[in-house]
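If you want the building blocks of each chain, they are given just below.
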Amino acid sequence: MIEIDHITKTYGDINAVDAVSMVIETGTITVVVGTSGSGKTTLLRMINRLVEPTSGEVRINGEPTHAVAPYLLRRRIGYAIQGHGLFPHQTVARNIASVPRLLDWPTDKINARVDELLSLFGMDPAEFRDRYPQELSGGQQQRVGVARALASRPDLLLMDEPFGALDPIIRARAQDDLKEIQRKLGSTIVLVTHDMDEAIRLGDRVGVMDGGKLVQYAPPEDIVERPASGFVANMVGDAERPMRLLSLIPVGDLTEDGAAEGAMLPDTASLRDALSACLWTGRDAVPVERDGAQIGRVTLAAIRHRVGQHA
Amino acid sequence: MGLTVSPPGVLFAVLGAASLLLPFLTLRANRIVAGEGAAPWEVAGPTVTIAALTAIAAGLACGLLPSRPWLRFAGSLLSLAGLIFLLSRGAANLLGDAGDLARVSPAAGFWCLLSVVMLLMADAIGGLQPGPRLRLGLLTLVLGALALLLWSGALNDLSPMQEYRTRAAAFRTATWRHVALALGSLGVAAAIGFPLGILAFRKARVRAVTLPVLSFLQTIPSLAMFGIMIPILGWVGATVPGAQAVGIAGIGFAPAFVALLLYSLLPVVANTVAGLGSVPAASVEAARGMGMTGPQRFWTVELPLALPVILAGLRIVLVQNIGLAVIAGLIGGGGYGTFVFQGLNQTATDLILLGALPTVLMALVAAILMDIVVEVAQPTLNRKNT
Ligand SMILES: Nc1ncnc2c1ncn2[C@@H]1O[C@H](COP(=O)(O)OP(=O)(O)OP(=O)(O)O)[C@@H](O)[C@H]1O
Ligand SMILES: [Mg+2]
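Residues numbered from 1 in each chain as written. Chains lettered and ligands numbered in written order. Predicted model: local features only at pLDDT ≥ 70, side-chain atom pairs only at ≥ 80, totals over all residues. Heavy atoms only, no water.

*Asks:* Would you explain the pattern of salt bridges in this entry?
*Replies:* Oppositely charged side chains are able to pair whenever their charged atoms sit close together. Residue and element names in this part refer to chain A. Summed over all chains, the structure comprises 28 salt bridges over all chains. In this structure, glutamate 57 engages arginine 59 in a salt bridge whose closest nitrogen and oxygen atoms are separated by 2.6 Å. Between arginine 201 and aspartate 176 there is a salt bridge, with its nearest N and O atoms 3.2 Å apart. Residue arginine 201 is found in helix H9 (residues 196–202), and its partner aspartate 176 is found in helix H8 (residues 168–185); the two are separated by 25 residues along the sequence. On the basis of relative accessibility, which here comes to 41%, the residue aspartate 176 falls in the partly exposed class. Each of Glu3, Asp5, Glu57 and Arg59 takes part in a single network of salt bridges with overlapping partners. (Salt bridge = Lys/Arg side-chain N within 4 Å of Asp/Glu carboxyl O. Helix = DSSP H or I, 4+ residues; strand = E, 2+ residues; numbered from the N terminus. Buried < 20%, exposed > 50% of the residue type's maximum accessible area, 1.4 Å probe, protein only.)

Set out below in structure tokens:
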């Protein structure tokens, strides 16, 4: 558990981060979202003490971070810096191996880990291991940056706009991969982005920042359905709000008994998928299946009812 | 490409042809009187002349071919061989009919042709885009050939070689002294300059003082600098106990060494600061973020990334010092400058050449070697070439 306790960072007259408090549960993904200059990076960097807070403190599993030497603290925390920050004079493999080497892992264990990570991010180890960062595309560089942060399997991972340079398709895949890695390893991730879609898609909880303040910190459904302020509502966007909400609710939640025509959807699909299917094929209901067997249906009326509670 | 001739090749051919009209060798009654020039076709017998001139012309003609760098390189070697053949045979021939005290020296025509051929060689090598290894190989080859040529005695009839023979021992001492001055001052400048540069990079206040002071030192004309050293070190030698014993005095090695050292500091410090400044901030932040300690960050990230720029600074210093060390001859510091200034006093041009030519050669070799080192220090570059 990470407790951020009334943390403030002042640069001259401005509070880049202004008395932010949040509790991050172990094994969850927390996404901090906000406009440019809202203090996201500063907040993130105060967790591993790359920035020293002006006041307040951070505790990891009850231990205040200022009680540990910064370099020892940072070796336990993965950090994917905004804009990758790869070492241009080192190969991809050596970049990824940075932290394991600091931790004195044996060479064969390091090599195996490098290849494992490259494969995980869809980059053929044989092809990419010995390249230099300049010989990669922007998206590949960013993936190597994330791989480097993951290399020593840290319990806590801080990521600053890790998917900014990726195209929408690769980006969606990288997000799914990250979620899967996180579920598998049970790591705690704090991720910074200015993309509300990404926040809603990835976050177990989402923190919205504005002018250094944390204006709302809640599960994504709450952010969409009950924005704490006009700013949050604006970030979510009026036009996209219904779709964002539907994308968070599984079909299983609204499944009722009854028959329906046409192709079936799994009960883990989102209501957004169900709505799309209805609209695209002109149906009023879609059959829902689990393990190949139909368990009921979800109707257009039910979806409308679920969304339309906000009049 | 549609080009059928190499434009620089045309230039070299025209310049080479024009140079043939200049006197190739000078014959003088003794080592200090003015002499008489002899044109390339006058210096030797018809067979030698025809063979040599054909080789020179054919080599320059090869230089006309674009996109055949190896052939152009071979052409430059052929021209060079013809040039040296004519020089060697011409000198022997001219001396044959002259008196015992007569001297033969290369004249304007030879030097122009030599420059043209060297330019062609450099242009051809540039076209080869050689990797560090090939360049090192070519350098060794050329130096080996030069050593062989000097050792064979083919040039012994030339006046600078005669000057050499009467002072072979002094030449050897001067060589070591020159190297000691240039490399030694570089070494000490690096030992002082690196830490100072690192400090100046980290602390704006140190930078604000250091760089202007060193820039000012750099603007002092070299003769004045060597002059200033004489009273200062003379005073130190006379007053500080033990200073005289380790060789510190107003004239000699010490003031020359210190003057060179002062000139060396600015490039070392400035390039260390610039090199460290060119390290991407994101890389340093990433290193910090992954838990590297200060020294780890310095040795594994900052220094390797700054190294090419720092080495470029050392290259400047080394080449500059080899040239400047000549002035040490003026204040008894030794080195090749001794011959240059003796030669100036005696109006013996060939003695001046005995000092100047090895200086130029040493500076060239140093520049090429340092270029290779700088290139090897850039990890992504050298990979493409090996
Ligand atoms: N070292 C610094 N010195 C002075 N001001 C700073 C410093 N670092 C950040 N700031 C200021 O603090 C505020 C927050 O910066 P921060 O980098 O945390 O924003 P961000 O939310 O990460 O923005 P972005 O999305 O553009 O990365 C900005 O107004 C910025 O100018
Ligand atoms: Mg940021």
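Now, onward.
*Asks:* What exactly am I supposed to notice about the domain arrangement of chain B here?
*Replies:* You'll often see interface size given as the accessible area lost when the parts meet. Residues and elements named next belong to chain B. Assigned domains within chain B: domain 1 (7–161) and domain 2 (168–385). Between domain 1 and domain 2, the C-alpha centre-to-centre distance is 33 Å. Across the contact, 14 residues belong to domain 1 and 18 residues belong to domain 2. Counting the surface lost from both domain 1 and domain 2, the interface buries some 1400 Å², and carbon and sulfur atoms represent 66% of this. For the salt bridge of arginine 135 with glutamate 375, the shortest nitrogen-to-oxygen distance reads 3.0 Å. At the boundary of domain 1 with domain 2, the tally comes to 5 residue pairs in polar contact (both at pLDDT 80 or more). Among the secondary structure elements, those contributing two or more residues to the side of domain 1 that touches domain 2 are helix H5 (132–152) and helix H6 (159–166). The dominant element in the side of domain 1 that touches domain 2, judged by the number of residues it contributes, is H5, at 6 residues. (Domains from an automatic or database assignment. Contact = heavy atoms within 4.5 Å. Buried area = accessible area lost by both parts, 1.4 Å probe. Polar contact = N/O pair within 3.5 Å; in protein donor to acceptor, adjacent residues only side chain to side chain.)

*Asks:* Mind showing me how you'd approach H8(A) here?
*Replies:* Along an α-helix, a turn takes 3.6 residues, which lines up residues three or four apart on a common side. Residues and elements named next belong to chain A. For H8, built from 18 residues, the straight-helix expectation of 26 Å at 1.5 Å per residue is met to within 8% by its first-to-last C-alpha distance of 25 Å. All of the buried residues along H8 are Arg171, Ala174, Gln175, Leu178, Ile181 and Gln182. With its buried residues spanning 130 degrees around the axis, H8 presents them on a single face. Opposite the packed face of H8, turned more than 90 degrees from it, sit the exposed residues Ile169, Glu180 and Lys184. Those residues of H8 hidden inside the fold are in contact with strand S3 (29–34), helix H5 (107–120), helix H7 (138–150), strand S7 (156–160), strand S8 (188–193) and H9. (Expected span 1.5 Å × (residues − 1). Arc of directions from axis to C-beta.)

*Asks:* What am I meant to see in the interface of chain B and chain A here?
*Replies:* The interface is formed by 20 residues belonging to chain B together with 24 residues belonging to chain A. Carbon and sulfur atoms supply 62% of the area buried between chain B and chain A, which totals about 1900 Å² over both sides. A salt bridge links Glu285(B) to Arg45(A), with the shortest nitrogen-to-oxygen separation between them at 2.6 Å. Scanning the region where chain B abuts chain A turns up 7 residue pairs in polar contact (both at pLDDT 80 or more).

*Asks:* In this structure, what is going on with unusual backbone geometry? I would like to understand it.
*Replies:* Residue and element names in this part refer to chain B. The residue serine 67 is not glycine, and still its phi comes out positive at about 50 degrees. Locating serine 67 in the fold gives a position in the loop between helix H2 (46–62) and helix H3 (69–96). Accessibility expressed as a relative area gives 67% for serine 67, which makes it exposed. Positive phi outside glycine occurs at glutamine 129, with the angle close to 45 degrees. Tracing the sequence through the fold places glutamine 129 in the loop between helix H4 (108–128) and H5. For glutamine 129, a relative accessible area of 66% translates into the label exposed.

*Asks:* Would you mind showing me how to read the coordination of the magnesium ion (ligand 2) here?
*Replies:* Octahedral metals with six donors have ideal donor angles of 90 or 180 degrees. Tetrahedral metals with four donors have an ideal donor angle of 109.5 degrees. All names here are of chain A. At the metal site, the magnesium ion (ligand 2) is ligated by Thr41 (OG1) and Gln82 (OE1), and these contacts range over 1.9 to 2.4 Å. Here threonine 41, found in helix H1 (residues 40–47), pairs with glutamine 82, found in the loop between strand S6 (77–80) and helix H3 (92–96); they are 41 residues apart in sequence, far enough to count as distant. For threonine 41, a relative accessible area of 25% gives the class partly exposed. (Donors = N, O, S within 2.8 Å, 3.2 Å for Na, K, Ca; no water.)

*Asks:* Can you walk me through the site of ligand 1 in this structure?
*Replies:* Residue and element names in this part refer to chain A. Around ligand 1 sit 13 residues, and of these Ser36, Gly37, Lys40, Thr41 and Thr42 come closest. Coverage of ligand 1 by the protein chains reaches 60% of its 630 Å² of free accessible surface. Within the residue set of the shell around ligand 1, elements represented by two or more residues are strand S2 (14–24) and H1. Here the shell around ligand 1 gets 3 residues from one element, more than from any other, and that element is H1. Residues belonging to the shell around ligand 1 are distributed by class as follows: 3 nonpolar, 8 polar and 2 charged. (Near = heavy atom within 4 Å. Areas by Shrake-Rupley, 256 points an atom, 1.4 Å probe, with all protein chains shown as cover. Nonpolar A, V, L, I, M, F, W, Y, C, P; charged D, E, K, R; others polar.)

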